[in-house]
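# A closer look at the structure
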Amino acid sequence: GGDGAGGGAAAATGAAAERVLFPPTFSVSEIKNKQRRHFMFQRWKQQQRKEKLASRKKRRKEREALGDKAPPKPVPKTIENQRVYDETTVDPNDEEVAFDESTDEFAPYFNRQTIPKILITTSDRPRGRTVRFCEQLSTVIPNSHVYYRRGLALKRIIPQCIARDFTDLIVINEDRKIPNGLVLSHLPDGPTAHFRMSSVRLRKEIKRKGKEPTEHVPEVILNNFTTRLGHSIGRMFASLFPHDPQFIGRQVATFHNQRDYIFFRFHRYIFKSEKKVGIQELGPRFTLKLRSLQKGTFDSKFGEYEWVHKRREMDTSRRKFHL
């Protein structure tokens, strides 16, 4: 029986030796001294970067060595290209959608029966930044007029707008002097969209900005509005601008939808050669996120909603988008 005991002892020393050979995995977070911990973490990051660069160089060399026989580069996975399919995605040749759009509230604009005339207003008694933002927005949207509200309810403004042939009403809301919301109402019959607004940058806050925009009618680019809801929102933005852009002004307003965030940019471009184009941002810039789409004009109490963003129910997957 002694043999068995000896065997057990040998195994124990073997295990001890193994434990000594492979020290336990060391974590930087165990270092108590803050400066030392930060220094070690920086070193570890540097090491990671070096390894990544080395592996990238190695892959590039392998590709060059293989030449034409190299396998095609893999497409990187993004939330965008792994998007969950939405059954309301519009097929460009869908006749039903085409019919709906030829009879919707924006049809008179697209049939060139109406000319856009926009009223830009604010929440009650706006402050400096919101005022400047409205002024700059009115230089982007042709035929728009700014009105600063002082104690007049939206319900009273809308009939006055309709009487004066305004086609759209934009309301910029603010919180603690910062613009944080945008209501866009198409007149006279709606619909009304309510957006959350963020990342507002005024002209003077944009680096390497171009000179002030001219009064030419800009071109409009709408990217990625693919679902029925997206189409409605895209048509709302399109109908703010006159039909025929003046290309001589070389100005372009872009509404780019990515992951249901709508990024607005305003640029001037110039053709440097047949292949190269230079662009200059003119500003302002901002980001919108749709909160709700309501039938009819603005009515917070009795309005009928076509779509409302409910975070807990709708945002179940990071790859599900509504626009």
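See above for the structure.
All of these numbers come straight from a predicted model, not from anything done at the bench.

With that settled, consider the overall build of the protein. Summing up its helical and strand segments, the protein has eight helices and eleven strands in all. Judged by the C-alpha coordinates and their principal axes, the protein covers about 105 × 55 × 50 Å. A buried classification covers 35% of the 323 residues belonging to the protein. In the protein, of all internal contacts separated by at least 6 residues, the share reaching a separation of at least 24 is 65%. Summed over its atoms, the accessible surface of the protein is roughly 21400 Å², and 52% of this surface lies on carbon and sulfur atoms. Distance from the positive charge centre (62 side chains) to the negative charge centre (38 side chains) of the protein: 12 Å.

The next thing to look at is empty space enclosed by the protein. Enumeration according to the criterion identifies two cavities of 30 Å³ or more in this entry. A volume near 80 Å³ is recorded for the largest cavity. Lining of the largest cavity is provided by L137, I141, I170, L182, L184, F237, L240, F241, F255, F264 and F286. For the lining of the largest cavity, the class distribution of residues is eleven nonpolar, no polar and no charged.

Buried together is how nonpolar side chains tend to be arranged in soluble globular proteins. I170, F195, I233, F237 and I262 are the most contacted members of the largest nonpolar core, which has 37 residues in total. Residues within four places of F195 in sequence aside, it is in contact with G181, L182, L184, I233, F237, I262, L288, K289, L290 and R291. Counting residues in each nonpolar core, the second largest holds eleven residues, with L119, I158, L169 and V171 among its members.

Per the counting criterion, the structure on display carries zero disulfides. For the unlinked cysteine C134, the closest cysteine sulfur is that of C161, found at 14 Å. The exposure class assigned to C134 is buried, which follows from its relative accessible area of 0%.

Take the environment of Q47 next. Summarising the element assignment, Q47 is placed in helix α2 (residues 34-66). Q47 sits 259 residues away from E306 along the chain, and the two C-alpha atoms are 53 Å apart.

Attention shifts here to the pattern of salt bridges. Enumeration over the complete set of coordinates arrives at nine salt bridges. The closest approach of N and O atoms between R235 and D104, which form a salt bridge, is 2.9 Å. A residue pair is termed long-range when its members are at least 10 positions apart, and R235 in helix α7 (residues 228-238) and D104 in the loop between α3 (95-103) and α4 (107-110) qualify at 131 residues. With a relative accessible area of 12%, R235 lands in the buried category.

As a further point, take helix α6 (residues 154-163). Where α6 is concerned, the buried positions are L154, I157, I158 and C161. Across the axial projection of α6, the buried residues extend over an arc of 105°, all falling on one side. The exposed residues of α6 that point more than 90 degrees off its buried face are R156 and A163. Elements in contact with the buried residues of α6: β1 (118-122), β2 (144-147) and β3 (168-175). Among the residues trailing α6, D165 stands out with phi positive, at a value near 65°.

Parameters and conventions
- Residues numbered from 1 in each chain as written.
- Predicted model: local features only at pLDDT ≥ 70, side-chain atom pairs only at ≥ 80, totals over all residues.
- Heavy atoms only, no water.
- Helix = DSSP H or I, 4+ residues; strand = E, 2+ residues; numbered from the N terminus.
- Buried < 20%, exposed > 50% of the residue type's maximum accessible area, 1.4 Å probe, protein only.
- Contact = heavy atoms within 4.5 Å.
- Areas by Shrake-Rupley, 256 points an atom, 1.4 Å probe, with all protein chains shown as cover.
- Lys, Arg positive; Asp, Glu negative; His and termini not counted.
- Charge placed at Lys NZ, Arg CZ, Asp CG, Glu CD.
- 1 Å grid on protein atoms, 1.4 Å probe; cavity = no way out; pocket = protein on both sides within 12 Å on 5 of 7 lines; lining within 4 Å.
- Points joined across faces, edges and corners; volume = space filled by probe spheres on them.
- Nonpolar A, V, L, I, M, F, W, Y, C, P; charged D, E, K, R; others polar.
- Core = buried A, V, L, I, M, F, W, Y, C linked by side-chain atoms within 4.5 Å.
- Disulfide = S-S within 2.5 Å.
- Salt bridge = Lys/Arg side-chain N within 4 Å of Asp/Glu carboxyl O.
- Arc of directions from axis to C-beta.

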